[in-house]
Each structure stands twice: as C-alpha cells, then as structure tokens.
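Analysis of the macromolecular model
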Amino acid sequence: MSERAIRAARALPGPLSRRRFLAGASAALLAGPALAQSGATDVDVAIVGGGAAGIAAARRIAGSGHSYVLLEAGPRLGGRARTVEALGMEVDLGCGLLPRDFHPLLAAADAAGVAVTDLSNGPRLYVEGREAKESDYDHFLAALGQARRDIRAAADAGKDVAVATVMPKPEPGSRSGPWEATAADMLGPLGCGRGLNTLSTLDLALRTPPAGNATSPVGVGAMLQTLGAWLNLQTDAPVTQITHGGRVHALRVEGQRGLIRARAIILAVPAPVIAAGAIKFNPALPRRLAQAFDDCPAGALEQVAFLLPGNPLRLEADERILPRAGKVPALLRGRVNGTDLHILTFGDGPAREIAAKGKEAGLRLARAFLGEAFALAPETVTEVACSAWTADPLIRGAMAAARPGKGAQRRLFEDPVQTRIFLAGEYTSTDSWGSLAGAWESGEVAAAKALALLGDGPS
Ligand SMILES: Cc1cc2nc3c(=O)[nH]c(=O)nc-3n(C[C@H](O)[C@H](O)[C@H](O)COP(=O)(O)OP(=O)(O)OC[C@H]3O[C@@H](n4cnc5c(N)ncnc54)[C@H](O)[C@@H]3O)c2cc1C
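This structure is a prediction, so every number in the text was calculated from the model and none was measured.

**Details of the pattern of salt bridges**
Applying the stated criterion across every chain, the model contains 13 salt bridges. Here Arg333 makes a salt bridge to Asp318, at a shortest N to O gap of 3.5 Å. On the criterion of sequence distance, the pair formed by Arg333 in strand β17 (residues 331-334) and Asp318 in the loop between β15 (301-307) and β16 (319-323) is long-range, its members being 15 residues apart. This pair shows no difference in class: Arg333 is buried, exactly as Asp318 is. Several salt bridges share partner residues, and in doing so they unite Arg124, Glu131 and Glu319 into one network.

Take a look at the structure:
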C-alpha cells in the first residue's frame, strides 16, 4: 500500500483495524469527487447499485485489498430494503424479513453489532377475525404442498407453462377450496407480485422458500446501511453509460465530468432498470441477454404501514397473519417489534394501484382488508405510509420472475457480459430469486468471479 493510503486509513477515527486500513486505502485511490471531476479515475472493480447484492460484493472486494468504488444512484444504501421514518417510528417499507439460517448475512450483522431477532415459524391463518382451526391449517398446508409438488412435477417433465394451468382445481363447495385459493395467493401475488397465469412453472419450481424468518429490530434497511457504512461509496451517483474499452471498461456517472475506469464491473442494479435501458451499453448488450431481461419482468409488491394503538386485533409481537382468501388478499405483519406498528403487504393488482395512486389507495385497501378479515371499523385507521417500488425509476418493481415458457432464461444471468461485467442481484439467483439472501449471495458470487478475473493480488 502507498504511504498515501496508510495516511488516509490513519485519518479515520478509531483503531487501525485491517478493515479500516482497506477502507482508507480505497478512499485514497479514489480520492473523492474532486478527482472524479477532473479526469478519469481508475479502480480495479466498480460496483454499480448499493442494494444487498452491491453491498455484499463491495465488502468482498474490499476484503481482497483491490481498489473499488460502490456507485449508488440514490441517496442511501439498501435498495429494496429501506427503513424510513414514518408514523413517528422507523418503518421497513421494503424487505422486512431475512431467512433465519442465512449464515453470511447473520455473521455480518453479528460482527457489526446489529441485533437480529428470530421470528416464530410461518404466518398464522385467520378466518373471520379469529385464528383458524387445526383442520383449516391442515387444508392450507395440504393445498400449498400439493401446489408445490404439481409445479415441480410439471417442471421435471419439461413442461414450462403457466403455473395457473397446473394448480389443483378446487372442487365446488369443498372446505379446502378457499385454502387452495389462499395457497395460490401466497405463491403468486403475495409471494412474488404476479398472478399465477403469468409465472413459469420451471422458474417457480426452482425457488426455495426459507425454512424460517428473522428480522432486525433496527430495520432491515438500516441493518444493510450499517453493513455498508465503511465502504468506499458514492451516493447520488447514477451510472448512465458503460463502454467496453478492451482491458478496462469506462463508466459515466450522471453529474460527473470524469469517467471511472474499471478492470471489472459488478452490475447490481434491478433487472427492470437494465431492461428499461436506464444504462446505455457500448457496444449494446448481447441480444440473447436483452431478451432474457424482457422475459423476466418484475412483479409488484407494496407495503402499507399504519398504527393500531391498544392492540385491537389482540396480536402477539411480530405476529404474521394470513387470512383465508377473500376479496382483498394481503399479508399482515402485526405489532412490529412489539409496537403499535402494523404493515400490510399487497401484491400484483392492488400493489400496482398503491404505487400509482399512493396513500389514498393504500388507506382504502388497508381499511378494506381490515374490515373483511377482522370486521374492524374503517375509521380505526386514519393515516398510512406506503411504498411505491413499482413507480421508483431506480427499482421499477418488486422482483423479477420468468414468464411461462421462459424459465430457463434466468440461467443466462450467470454468464459474464463482455468478459468483465458480472451481473448480481436477486434476479440472478436461480433458487433464491426475489429474496434478500439470494441478492446477498449473488453479490458474493459476482465478487468471486471478478477477483478470479483480476488475479490474486491488488493491482
Ligand atoms: C415490498 C417488498 C417486500 C420484500 N420483502 C422481502 C422479505 O421479507 N424477505 C426477503 O428476503 N426479500 C424481500 N423482498 C425482496 C428483497 O427486498 C430483494 O430481493 C432484495 O432487496 C434485492 O436486492 P438487490 O441488491 O438485488 O437490488 P436492490 O435492493 O433493488 O438494489 C439495487 C440498487 O441499484 C440502484 N440503482 C439503480 N439504478 C442505478 C444506476 N443506474 N446506477 C447506480 N445505482 C443504481 C438502486 O437505487 C438500488 O439501490 C421484498 C421486496 C419488496 C419490494
């Protein structure tokens, strides 16, 4: 390391740990916006997108001693995991849960001193404002299990068709019928923000649900911000163009005169952002890859948060409630961290409405859900905070899922692009797509590929 790198590392407060040393070394190599404006800045790896995938990738590259910069278009890290101040408290309006057995993220949280709490298994089922009977649980679990087996059987038989076409058909008037509809909601609109008639059997068959969930009392978004706090980061730095220049690629960042030149790029922006052409590639992306992005469009999931003082639903802390399918399907996370905060997740059509119309639609849908599921009077909820992921130009949806017949397309995201660009993000994971764990893991995998390209030592 150069003397300048050591000085930069020493300028950071606190003891000179290996982590601080590397962070300082990177800062010295990049030397902030002034250098970026005057001419080209050279780094070994540029990581584009500061969600879970980008943070995991940047942490891995930082640990290798290679120079890097993490470029995030928005004002903060976290992407679809975002903790905001709303309703007088900290609210996760995106990802709120993580798998309780996902070691890489749990270990990182532990090392950073971020608390993670285990949540009890699965949502509780409700019928007409009360917890469902044992026999209802049996119907629901049987329906969900059967649906998963049918989807897998279709995929194993090489039938990549719309999931809706292989789902069990409810017998008219049967007691299990409504639970089959509930299971269908969980797999489609509430699971990935899309109707089952638009989803590929192959893609859904490969997706493995987590064995159990955990969360962080500080918020999952805030947790990710902490995990990325020491990284060499530029926020408000949207990458608009990537040009292939042989052994290096040049990145243009909006508002900066100088280019960033990188020997490898980890592209960790959401799939629909790439599909929408928000980043220009020179030369253009291979047609096969561009087609794969079109074949995996994003679904819509939106959250509506509100306070219910006095616990009128009589819920335990952090209880999750799935009512039997009705007119307004949604999943309720009640009494978040033991507070009055409740968060509803809507999918597909209702979620698109919330993203388009904002709080007015969120309030109406929340009241409709609470009225139908718990017979709660509309005026019980007067104020809501809503997400709008689908309308956010830096995100453009909840999670990418393949259309019927296009399930094999996801594999294309594993290949490097123009030798030096490695794709990362939830959509690149074949078995954990649409999840925080899938995104984190994909960032680590992309970083390992970039490091293999660069060779062992820093340049
Ligand atoms: C409502 C909702 C609830 C969810 N709940 C859960 C849950 O409980 N558990 C779970 O495991 N998963 C959940 N998910 C999914 C999970 O949030 C995502 O899979 C994960 O956060 C995606 O991480 P990522 O790094 O792939 O992308 P993102 O988090 O989207 O990060 C991409 C980043 O790229 C940035 N970017 C975009 N364009 C540019 C550009 N041109 N230049 C630079 N940066 C750019 C964006 O600003 C963003 O910060 C949920 C998703 C939603 C929408």
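**Regarding helix α4 (residues 52-64)**
Across its 13 residues, α4 extends 19 Å between first and last C-alpha, which sits within 8% of the 18 Å expected from 1.5 Å per residue. The element α4 is extensively covered by neighbouring structure, given that 10 of its 13 residues are classed as buried. Taken as a whole, α4 has its buried residues at Ala52, Ala53, Gly54, Ile55, Ala56, Ala57, Ala58, Arg59, Ile61 and Ala62. Gly65 lies just past α4 and shows a positive phi near 90 degrees.

**Considerations on the side chain of Gln256**
One can find Gln256 in the loop between β12 (248-253) and β13 (260-267). According to the relative accessible area criterion, Gln256 is buried, its value standing at 15%. Among the polar contacts made by the side chain of Gln256, one reaches the side chain of Gln234 at a distance of 2.7 Å.

**Notes on the sheet that holds strand β6 (residues 117-118)**
Across the sheet, which stays open at both edges, the three strands sit in the order β5-β9-β6 with antiparallel pairing between neighbours. Every other strand in the sheet has two partners, leaving β5 (98-99) and β6 as the edge strands with one partner each. Across two bridges, β5 lies against strand β9 (residues 213-215) in antiparallel orientation. When the bridges of β9 are listed, Leu98 appears paired with Ala214.

**Things to note about the nonpolar core**
Residues Ile47, Ile61, Leu105, Leu224, Ile266 and Trp440 are the most contacted members of the largest nonpolar core, which totals 40 residues. Only β1 (41-48), α4, β2 (68-71), α5 (103-111), α11 (220-227), β13 and α16 (436-454) provide two or more residues apiece to this core. Residue contacts for Ile47: discarding those within four places in its chain leaves Gly54, Ala57, Ala58, Ile61, Tyr68, Val69, Leu70, Leu71 and Ile266. Membership of the second largest hydrophobic core comes to 33 residues, among which are Phe281, Leu285, Ala402 and Leu423.

**Considering the domain arrangement of the chain**
Domain parsing of the chain yields domain 1 (31-77 + 228-297 + 402-454), domain 2 (83-101 + 298-391) and domain 3 (132-206). Taking only C-alpha atoms into account, the centre of domain 1 sits 32 Å from that of domain 2. Taken together, the contacts link five residues of domain 1 with five residues of domain 2. Across the domain 1/domain 2 interface, buried area totals approximately 390 Å², and carbon plus sulfur atoms make up 75% of it. By the criterion of area lost to domain 2, the three top residues of domain 1 are Pro297, Leu436 and Ala437, representing 73% of everything that side buries. On the surface where domain 1 and domain 2 come into contact, there are zero salt bridges. Counting across the interface, domain 1 meets domain 2 through zero residue pairs in polar contact (both at pLDDT 80 or more). Residues belonging to the side of domain 1 that touches domain 2 are distributed by class as follows: five nonpolar, no polar and no charged.

Reading the values: rules and limits
- Residues numbered from 1 in each chain as written.
- Predicted model: local features only at pLDDT ≥ 70, side-chain atom pairs only at ≥ 80, totals over all residues.
- Heavy atoms only, no water.
- Salt bridge = Lys/Arg side-chain N within 4 Å of Asp/Glu carboxyl O.
- Helix = DSSP H or I, 4+ residues; strand = E, 2+ residues; numbered from the N terminus.
- Buried < 20%, exposed > 50% of the residue type's maximum accessible area, 1.4 Å probe, protein only.
- Expected span 1.5 Å × (residues − 1).
- Polar contact = N/O pair within 3.5 Å; in protein donor to acceptor, adjacent residues only side chain to side chain.
- Pairing = 2+ DSSP bridges.
- Core = buried A, V, L, I, M, F, W, Y, C linked by side-chain atoms within 4.5 Å.
- Contact = heavy atoms within 4.5 Å.
- Domains from an automatic or database assignment.
- Buried area = accessible area lost by both parts, 1.4 Å probe.
- Nonpolar A, V, L, I, M, F, W, Y, C, P; charged D, E, K, R; others polar.

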